[in-house]
Structures are given as C-alpha cells and as structure tokens.
There are 2 protein chains.
Amino acid sequence: METNHRYCVIMCGGVGSRFWPFSRTNMPKQFLDFFGTGRSLLQMTVNRVLPHIPHSHIILVTNDRYRDLIRTQLPEIPEENILFEPARRNTAPCVCWAAHHIYALDPDASIITLPSDHLILNEQEFLRVMSEGLRFVESHDALLTLGITPKSPETGYGYIQRGLPCADDPDVMKVKSFTEKPNLEMARLLLESGDFFWNSGIFIWTARSILKAFARYAPEISEIFEPGEKVYATPAENEFIDREFPNAPSISIDYAIMEKASNVYMIAVDLGWSDLGSWKALHEASPRNREGNVTQNCKLLAEDCHNSVFAVNGDKIIVASGLDNYIVAENDGALLIYPLEKEQEIRRVVNDVRTRFGEKYI
Amino acid sequence: METNHRYCVIMCGGVGSRFWPFSRTNMPKQFLDFFGTGRSLLQMTVNRVLPHIPHSHIILVTNDRYRDLIRTQLPEIPEENILFEPARRNTAPCVCWAAHHIYALDPDASIITLPSDHLILNEQEFLRVMSEGLRFVESHDALLTLGITPKSPETGYGYIQRGLPCADDPDVMKVKSFTEKPNLEMARLLLESGDFFWNSGIFIWTARSILKAFARYAPEISEIFEPGEKVYATPAENEFIDREFPNAPSISIDYAIMEKASNVYMIAVDLGWSDLGSWKALHEASPRNREGNVTQNCKLLAEDCHNSVFAVNGDKIIVASGLDNYIVAENDGALLIYPLEKEQEIRRVVNDVRTRFGEKYI
C-alpha cells in the first residue's frame, strides 16, 4: 500500500454567521472548541486523519485572515502546506488549486478532501472507509464521495442516490443522482426508499482524475489554473495565484463537477456524522441532559428549561429559568437569546447588528 | 446659617445579592454605574449633597473589603472620613458610631444620614428639604426622617404615618407610627388614606439628639460606644472600634430608635425617589422604550420582547427575541436569564450557584 502518495486537503477558509455570536468573523466555527474538549473542529479534523496521513501531506486551504489562528492551532503543519486564497470563490476553485499544487508535488497522488468544521464520532470507521476509498481511486479513474446513512428525514442536507455496486468492490456504488435539500415530505420519501444518503462533502480521488474532470466539466476553471502548471509548489505560486485566482467563478465542487461527471461513485457509511450546520444540528449532535438541554463551554443552572442550547466562550456560568427551545449564545461582547425554531432568522439579525452597531460585534 | 456644623453620613457597606450577577460581592450595587451615566450610585449620592456639604464633612461608613473601591471612586473624601466597620451589624451600630465620631469633631454638629444606593431624581427638591430639615433639628431636639409621597400601593416599602404639623414649621409633622412592608390590600388602604408616606431611610438630627436617643432607647448599644468618648476622631479610634464594635447587636436604626422615640418627625416630600431595591423597582425607575424594555449599560436589538430589563457590564450588545417580563443580567462570567415575576427566587438561586460553583461567581 503506497501510503506515501496519499494527501489530505482540508478546506478551512469558511466564514459562517449561523453560529453568531458564538462564532465570529475573526473566529469562525472551525477554529472553535465546540465541545469543550480542548480541541477545535479543525484540530479534530487533522487529528482524525493523522493515523494514516502525516502532517507533511496535509494541505490546508484557507483565507489570509486566519493565518495566525492556523499557526497557533496547528503548528505541526509545515508553512508551505497552507494555501491562502486571495478571494472567496466557493469550493470548486479551492479544490482545483489544491489538486494542481499536489499534482506538482506528486503526479501519482491520491487525495481525500475534507471540510474542516464537521463532526465525526466514529473515527475508526472513518479511517477504514478512507483507506478503502483511497485504494479504490488509486486503481480506478473515479470521483468518490462518502454518503452518510440517513437517520431521519433531514431537510438541511443534500442527498445522493446510489446506483449499482462495482463488480470488484461491492462497497462502492455508482452514484445515480444528487438531490438538493428537500422539503420534509420529500425527505421522508427519500429516507423510506433506502436508496438515498446524506451528501457528506467528503471527496476521494487522485490528483490526475480530478484535474481531468475539471478539464472536461469545468473548463472555465481549468483554463485559469492550468497555465500555472510550472509554478505550483514553487516560490512563484503565490504571485500566480494572487493574480489569477480571483478570476475564477464562485461555484461549488458539487455543481461544477460532481453533478455532471459520469465517473462519480459513493461508499455508504455510518460515521456518527453531522455537518453542525445549524444550532438544531448542533443540538442533535451534542450530549443532552435530562431536560434536553445542551451546554457548550459553560456551567448551567437551569430551572424549567427544555431543549435549549447554551453556548458561551470561556469559563462562565448561566442561570436560566423558563426557556423552552432557545439558543443562548455569548462571545466577546455579544449575547444572543433566540428561539431555536427561528434560527434561520439569525443571518438577518447579524446583518441588522452590523448595520446598527458596526463590524465590531460580527 | 451655621453650615460649618453640618455633616453628612453615607452608609455604603451593604452587600446585596438581589441584583446578582449585575452586582457582585466585590462590587455591590452602590458602586455600580447603574444608569450608564459614568457615575456610581455612591458617587451620585455624594454629588447630591456637595452643593451644601463639603467633602471634608462627608463621613462614609463601610466595610474594609471596599477600601480600594471607595478610594478609586471618591478620591476627594479625606481618608480619615472613612469609617471601616469590623463586622456587619445592620444600621443602628453604624449610626451610633458615626454620631460619636462626629460629636468628637464638633459637639454642635447636625447630620444628615443617607443610604448610598438609592435613586433621587429631583435633586433640587432634595437640597431644599435637606436644608429645611437641618435647620429644624438645629433648633429642636428632634429625630427627623423624610417621608416620600407615595405614587402607588407599593408592597416593597415600609410606611410612615404623619401626625400633627409643628406650630413653628408646618412642613414638619410629628410621626404617628411606622408600618412594616404591607400586603397589597393594606398598601391600597394606606395610599387612599393620604396619611402614609414611604419610609426613605434618610434621617436628619444633631449628634447630640441622636446620642441622647441611643442612651434612652437603645442602652445596649449606647453602652458599647460611650466608653470610647475619649478616642473618637483620634488615632486610637480604630483599635477601640475593632475590639468593641463586634459586640453590638445587629439591629436597624428603625427598630432600635425610630419606632420607640417620642420625638420623631417627618417632612413629606416628592423626590423622584426609589430605593432600587429590586429588579422591578429598577424597571419602574428607569427610562423604558416603547415595548417597556429597560437597558442598563448595553445596546439592545430586541424582537417581540416586552417589559424586560437588560443589564450588563461593559460595552456589549444583546440580541433577544420572544422574552416577556424577563431579567437578563450579565457580569464577569455569570449570566442570568430569569422571569421578573420570580425575582424573589434570586437569593435562593445565588445560594445554589455558591453551593455548586463556588464563591468565584458570587
């Protein structure tokens, strides 16, 4: 098993406002110690792959504003492994640049690409499937994704429909279709069918296969990054990227490649996974007390409170009474007390805060 | 007018848990900038008397643990004017010691004794009544108190019943009786009668009159402080007090003297007064927005919130939704979200916090 050709790309440039004010522009979700374990989600993501992939083969793609945070949280990652995007362009340009960078280091490289801010409880199963997937793409021209066995009719996730299993590895199945986030009725049907899986955003391929797919399915992106072939993984890379990267369209890897390519495969897996994409997802993924309350980083004295999330930064206590289905989140001068059922309003609220009180609190 | 015989005693040793966590053991209510004006309640109390009484004639009685706070907040008060009680013994021993101390400085002194943590909006009226009261006690052996014209049937205040006006100053009336905090039905009757006034806890007398009253009505206190006659306002005072003060019974000036003495008088006055003794009293004494919300020291973005108090320390913002009749208070690592109607539970809650999480948060 040629493990020295294996790389991991972790996308950690995201800025989210869904967890405001627990997360902030200068401290987004992936850098937070979400579960009070002493490790951020990003650090947990790195640690998860380390048994099979060394620090020297882990590539981080991020934004320049998080340079110090990354150096502090991950001092073991070599400086040259951190790719700083000069502009925000969603995941497709990010994946394309990282693939070119790794291809320049090793044209026979295989890559697992990971979001930096998801939860995976079943780390042994993750490592097993990662190995199986890397083995598969190393011998097939395949774009592989992990499909999570769904537990409930979630409306917050995209779904992947499985097709026929491969002859030489029945764990790997052809992907028949991608489905956008469904409504509840549709989500129930998808769940019942047994053929649909949650789209994890975890991808496995070789550098060669994904670059071929970009050339074929997303030429408008490929044409931007191909002319840099001679500079990737050299001192001239940054100058090239700073000039050309902003010209790339802003588009996700799902739209640009996965929904178009004919060689897309999946492995169905039960990882104890959550994208932690909302307070509700966080509430469901977290240990709850008898009243259904979740605490993040705080001590709680609750009376007559149910199904609420209490998340603060630092060694604090909260005394609360009479809150049902609430979010209580506090960080660095901003406190949110908001019904969990209305969490889709939080983006608007954050904009209102920006308008009325300025960037300081965002 | 012999203003150089006039003194002010401010009692500022209190520790309250009713405003926890906005107030804390190491930062009780009187030291807080309650209204975001840049001045604490204690500083406001001192400033209120300054037009008529200079810093050199203002005596503070407090507890040793607040030494630094007082030096910081009131650097103009001479060090020798600050009396540190070696034990907590309610107001009667405090008043007796302060009277002896002032009598030693000036046997012809007249004194206004003030709580440090009340609100008085009508400062001109306060100064007028203070002058009138001091003038009255300077020519009568009288114990004078201010009775606040009641606005509503408050159950949180004690009441004073007025008797006949004095022949030579009809603003001053004999006090007929003191009434404990009444229930609502009784409070309505008291209000209707027109004869009852809120007990403000503001007292005016000469050092000579109050010491005479102690000798007559509270000999058990008088006997403790009289033997120190030679040491008050000398370097030997502290040693005497440290030894004898703790032997005094813990009793209020109302119980020890005012309810017993036959020479008690009142002036009825409308001061825009509140004892700020509860979150509800604070809510009523504070400017409210259209939805009835009060903010202390914070910026608020509220949706569908009514009749709530939001009090935090420092330059913070709160975003809240769906809170009716709530207290939201935060300070130094502790956050309280509690129904206003249940505020009498807060003392118990503070004890629970102490038991479960330690003194750090109290």
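Within each chain, residue numbers correspond to sequence positions counted from 1 in written order. Lettering for chains starts from A, numbering for ligands starts from 1, and both go in the order in which the items are written. Owing to the predicted nature of the model, reporting of local features is limited to residues with pLDDT of at least 70; listing and counting of side-chain atom pairs is limited to 80 or more, with chain, interface and lining totals taken over all residues. Side-chain descriptors were evaluated using all non-hydrogen atoms of the structure, hydrogens and water having been removed beforehand.

**Overview of the overall build of chain A**
Starting at the N terminus, helices and strands are each numbered in turn, a helix being any DSSP run of H or I of at least four residues and a strand any DSSP run of E of at least two. Of regular secondary structure, chain A possesses eleven helices and 15 strands. In this treatment the radius of gyration is a C-alpha quantity, and the globule benchmark scales as 2.2 Å times the residue count to the 0.38 power. A globule of 362 residues ought to have a C-alpha radius of gyration of about 21 Å, and chain A, at 21 Å, matches this closely. If you line up chain A on its principal axes, its C-alpha atoms span 60 × 50 × 35 Å. Within chain A, the fraction of its 362 residues that count as buried is 57%. Whether two residues touch is decided by their heavy atoms; if any such pair falls within 4.5 Å, the residues are in contact. Of the contacts formed within chain A by residues at least 6 apart in sequence, a portion of 66% connects residues at least 24 apart. Put simply, chain A shows about 14800 Å² of open surface, and 48% of that area lies on carbon and sulfur atoms. The centroid of the 36 positive side-chain charges in chain A is displaced by 3 Å from the centroid of its 49 negative side-chain charges. We call a residue buried when its accessible area falls under 20% of the maximum for its residue type, exposed when it is over 50%, and partly exposed in between, using a 1.4 Å probe and counting protein chains only. Per-residue accessibility takes into account occlusion by the displayed protein chains alone, with areas from the Shrake-Rupley method and a 1.4 Å probe. None of His or the chain ends enter the tally, which takes Lys and Arg as positive and Asp and Glu as negative. To locate a charge, take NZ of a lysine, CZ of an arginine, CG of an aspartate or CD of a glutamate.

**Details of the relation of the copies chain A and chain B**
Relative to chain B, chain A is turned by 180° and slid 0.0 Å along the rotation axis, the superposed coordinates differing by an RMSD of 0.1 Å. Seen this way, the second copy is the image of the first under a two-fold rotation axis. Taken as a fraction of all interface residues of chain A, those also at the interface in chain B reach 100%, which identifies the copy contact as same-surface. In superposing the copies, a least-squares fit is computed on C-alpha atoms, taking residues whose pLDDT is at least 70 in both.

**Things to note about the environment of Glu80 of chain B**
Relative to the helices and strands, Glu80 of chain B is located in the loop between helix H2 (67–73) and strand S3 (82–85). In sequence terms Glu80 of chain B and Ser56 of chain B are 24 residues apart; their C-alpha atoms lie 9.4 Å from each other.

**Overview of the packing of aromatic side chains**
Aromatic pairing here means that ring centres of Phe, Tyr or Trp (its six-membered ring) are within 6.5 Å. Orientation follows from the plane angle: under 30 degrees is stacked, over 60 is edge-to-face, and everything else is tilted. Overall, the coordinates contain 24 aromatic pairs over all chains when judged by the stated rule. Only lysine NZ and arginine CZ atoms are considered, and such an atom sits over a ring when it is within 6 Å of the ring centre and within 35 degrees of the ring normal. Lying across the ring of Tyr265 of chain A, Lys174 of chain A places its NZ or CZ 5.3 Å from the centre. Sitting over the ring of Phe84 of chain B, Arg67 of chain B keeps its end group 3.9 Å from the ring centre.

**Some points on the interface of chain A and chain B**
Opposite the 33 residues of chain A that make contact, chain B presents 33 residues. Counting the surface lost from both chain A and chain B, the interface buries some 2800 Å², and carbon and sulfur atoms represent 59% of this. What counts as buried area is the accessible surface, traced by a 1.4 Å probe, that two parts surrender upon association, with contributions from both included. By the criterion of area lost to chain B, the three top residues of chain A are Ile317, Val319 and Leu335 of chain A, representing 23% of everything that side buries. Salt bridges, as used here, are contacts in which a Lys or Arg side-chain nitrogen is within 4 Å of a carboxyl oxygen on Asp or Glu. At the surface where chain A touches chain B, the tally comes to two salt bridges. Its salt-bridge partner being Glu303 of chain B, residue Arg348 of chain A comes within 3.2 Å of it at the nearest N-O pair. Within 3.5 Å is the distance limit for a polar contact, defined as a pair of N or O atoms, with the added protein rule that one can donate a hydrogen and the other accept it, and that residues adjacent in sequence qualify only through two side-chain atoms. The interface formed by chain A and chain B holds 24 residue pairs in polar contact (both at pLDDT 80 or more) in total. Elements with a minimum of two residues in the side of chain A that touches chain B: strand S12 (294–303), strand S13 (309–321), strand S14 (326–331), strand S15 (334–339) and helix H11 (346–357) of chain A. Grouping the constituent residues of the side of chain A that touches chain B by class yields 20 nonpolar, three polar and ten charged. The nonpolar class holds Ala, Val, Leu, Ile, Met, Phe, Trp, Tyr, Cys and Pro. Asp, Glu, Lys and Arg form the charged class, and all remaining residues, Gly among them, are polar.

**Topic: helix H5 (residues 184–193) of chain A**
Where H5 of chain A begins, the capping side chain belongs to Asn183 of chain A, and its oxygen is found 3.3 Å from the backbone nitrogen of Glu185 of chain A. After H5 of chain A finishes, the residue Gly194 of chain A shows a positive phi value of roughly 80°.

**Looking at the side chain of Lys29 of chain B**
Residue and element names in this part refer to chain B. Tracing the chain through its elements places Lys29 in the loop between strand S1 (6–11) and helix H1 (41–49). Of note is the side chain of Lys29, whose polar atom sits 3.2 Å from the backbone oxygen of Asp117. Among all residues touching Lys29, those that are not within four sequence positions of it are Phe19, Ser23, Phe34, Leu41, Asp117, Asp275, Leu276 and Gly277.

**Topic: the side chain of Thr145 of chain A**
All names here are of chain A. As for its placement among the helices and strands, Thr145 is situated in strand S6 (residues 143–148). From its side chain, Thr145 meets the backbone oxygen of Ile202 in a polar contact 3.2 Å long. If sequence neighbours within four positions are ignored, Thr145 has contacts with Ile160, Val175, Asn199, Ser200, Ile202, Phe203, Met258, Tyr265, Met266 and Ile267.

**Description of the pattern of salt bridges**
Note that side chains of opposite charge can pair when their charged atoms are close. All chains considered together, the criterion is met by 38 salt bridges over all chains. Ionic pairing is found between Glu123 of chain B and Arg48 of chain B, a salt bridge with its closest N-O pair at 3.0 Å. Taken together, the residues Glu123 of chain B in helix H4 (residues 123–139) and Arg48 of chain B in helix H1 connect sequence positions 75 residues apart. Judged by relative accessible area, Glu123 of chain B falls into the partly exposed class, the value being 27%. For Arg48 of chain B, a relative accessible area of 4% gives the class buried. The salt bridge involving Asp141 of chain B is made with Lys212 of chain B; its shortest N-O contact spans 2.6 Å. Of this pair, Asp141 of chain B sits in the loop between H4 and strand S6 (143–148) while Lys212 of chain B is found in helix H6 (residues 207–217), placing the two residues 71 residues apart along the sequence. For Asp141 of chain B, a relative accessible area of 36% puts it in the partly exposed group. On the accessibility criterion, Lys212 of chain B (49% relative accessible area) is partly exposed. Residues joined in a network through salt bridges with shared partners are Glu303 of chain A together with Glu345, Arg348 and Asp352 of chain B.

**What to know about the packing of helix H3 (residues 91–105) of chain B against H6 of chain B**
All names here are of chain B. Axis separation between H3 and H6 bottoms out at 9 Å; the angle between their running directions is 135°. As judged from the angle between their axes, H3 and H6 are oblique. Every pair of crossing elements has a handedness; the one defined by H3 and H6 is left-handed. Across the interface between the two elements, Ala92, Val95, Cys96, Ala99, His100 and Tyr103 of H3 pack against Ala207, Arg208, Ile210, Leu211 and Phe214 of H6. Looking at the contact of H3 with H6, its residues break down into nine nonpolar, one polar and one charged. Orientation is described by lines fitted to C-alpha atoms, with helices fitted over the stretch in contact, and by angles between N-to-C directions that extend from 0 to 180 degrees. Roughly parallel covers angles under 35 degrees, roughly antiparallel covers those over 145, roughly perpendicular covers 65 to 115, and oblique covers all other angles. Here a crossing is called left-handed whenever its near helix is offset anticlockwise from the far helix by less than a right angle, and right-handed whenever the offset is clockwise.

**Here we look at the packing of H1 of chain B against H4 of chain B**
Residues and elements named next belong to chain B. Two elements in contact, H1 and H4, have axes whose closest approach is 10 Å; the angle formed by their N-to-C orientations is 55°. In terms of orientation, H1 and H4 fall into the oblique class. Where H1 crosses over H4, the handedness of that crossing is right-handed. Of the residues in H4, those touching H1 at Met44, Arg48 and Val49 are Glu123, Phe126, Leu127 and Met130. Among the residues forming the contact of H1 with H4, the class breakdown is five nonpolar, no polar and two charged.

**Considerations on the pairing of S6 of chain B**
Residues and elements named next belong to chain B. The buried fraction of S6 amounts to six of the six residues, a majority that puts the element mostly inside the structure. DSSP bridges decide pairing: two strands pair if at least two such bridges lie between them. With six bridges joining them, S6 and strand S10 (residues 264–269) adopt parallel strand pairing. Opposite Leu143, over in S10, you have Val264 as the bridge partner. As paired strands, S6 and strand S9 (residues 196–206) are joined by four bridges and run antiparallel to one another. Among the inter-strand pairings, Thr145 is bridged to a residue of S9, identified as Phe203.

**Topic: the confidence of the model for chain A**
Across chain A, the average pLDDT comes to 94, with 99% of residues at 70 or higher. Among the scores for the predicted complex, ipTM is 0.81 and pTM is 0.82. Confidence per residue, as judged by the predictor, is encoded in pLDDT with a range of 0 to 100.

**A word on the nonpolar core**
The nonpolar side chains of a soluble globular protein tend to be buried with one another. Formed by 48 residues in total, the largest nonpolar core has its most connected members in Leu143, Trp205, Ile210, Phe214, Phe225 and Ile257 of chain A. Here this core takes eight residues from helix H3 (residues 91–105) of chain A, the largest share from any one element. Residues contacting Leu143 of chain A, with those up to four places away along its chain left out, are Ile204, Trp205, Ser209, Ile210, Ala213, Ile257, Met258, Ala261, Asn263, Val264 and Tyr265 of chain A. Membership of the second largest hydrophobic core comes to 47 residues, among which are Cys94, Phe203, Phe214 and Phe245 of chain B. Residues belong to a common nonpolar core when they are buried Ala, Val, Leu, Ile, Met, Phe, Trp, Tyr or Cys residues joined through side-chain atoms within 4.5 Å.

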